[in-house]
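Report on the structure
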Amino acid sequence: MALLPILCYPDPRLTKVAKPVVQVDARIQTLVADMLETMYDAKGIGLAATQIDVHERVIVIDVSEERDQPLVLINPELVWTSEATHLNEEGCLSVPGIYDGVVRHDEVKVQALNAKGETHTVQADGLLAVCIQHEMDHLMGKVFVEYLSPLKRNRIKTKMIKAQREALR
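Everything quoted here is computed from the prediction, not taken from an experiment.

Glancing now at the sheet that holds strand β2 (residues 58–61). Sheet strands associate in pairs through backbone hydrogen bonding, adopting either a parallel or an antiparallel arrangement. The sheet built from five strands is open, its strands ordered β1-β2-β3-β6-β7 with antiparallel pairing. Of all the strands in the sheet, the pair left with one neighbour each is β1 (46–48) and β7 (119–125). Recorded for the sheet is a direction-independent mean angle of 40 degrees between the axes of neighbouring strands. Of the pairings in the sheet, the one linking strand β6 (residues 107–113) to β7 comprises seven bridges and is antiparallel in character. Residue Val 110 lies in a different strand from β7, and its bridge partner there is Val 122.

Right, let's get into the side chain of Ser 82. If you trace the backbone, Ser 82 turns up in the loop between β3 (71–81) and β4 (85–92). Of note is the side chain of Ser 82, whose polar atom sits 3.2 Å from the backbone nitrogen of Asp 106.

What follows deals with the layout of surface pockets. Empty space among the atoms becomes apparent when a probe as large as a water molecule is rolled across them. By volume, the largest pocket amounts to about 350 Å³. Lining of the largest pocket is provided by 22 residues; of these, Ile 45, Glu 90, Gly 91, Cys 92 and Tyr 99 occupy positions nearest its centre. Sorting the residues of the lining of the largest pocket by element identifies β4, β5 (95–105) and α2 (126–139) as the ones contributing at least two each.

How each quantity is defined
Residues numbered from 1 in each chain as written. Predicted model: local features only at pLDDT ≥ 70, side-chain atom pairs only at ≥ 80, totals over all residues. Heavy atoms only, no water. Pairing = 2+ DSSP bridges. Helix = DSSP H or I, 4+ residues; strand = E, 2+ residues; numbered from the N terminus. Axes fitted to C-alpha atoms, helices over the stretch in contact; angles between N-to-C directions. Polar contact = N/O pair within 3.5 Å; in protein donor to acceptor, adjacent residues only side chain to side chain. 1 Å grid on protein atoms, 1.4 Å probe; cavity = no way out; pocket = protein on both sides within 12 Å on 5 of 7 lines; lining within 4 Å. Points joined across faces, edges and corners; volume = space filled by probe spheres on them.

Printed below as a string of structure tokens:
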């Protein structure tokens, strides 16, 4: 297993749309293991392959308190969303230190493959539903700050670019 570098906003690679995984093989299983290790190391609760510059439809999530219930979603598809929505405070490993409100569906049902290539359906609410929607946005090339006003988005972009410059010094 390996820790992978996480792309930071406004890196243009975060806007690439991920392609479906053709086959769940050893390469994808290694990718999933590396993504889980990277997510846990970064103290995150979700990570999309797009965030590590792999543009395939792979997501890992673990919202458990003990950090021992990993959920793997390969080629996820939303099959149902509740009409009810909620404003949630979100953050992102690709936008470190930034948190803001995003409206998401309260409940979702997603169908995907697991790390063995088996189809499974996950019905989620609460934090897990928010996380699934957030990570699926990454697969479509969308970062949560795009839901914010242009003014907020530009301030965040400026702050992130400045932080990246300072980190290089």
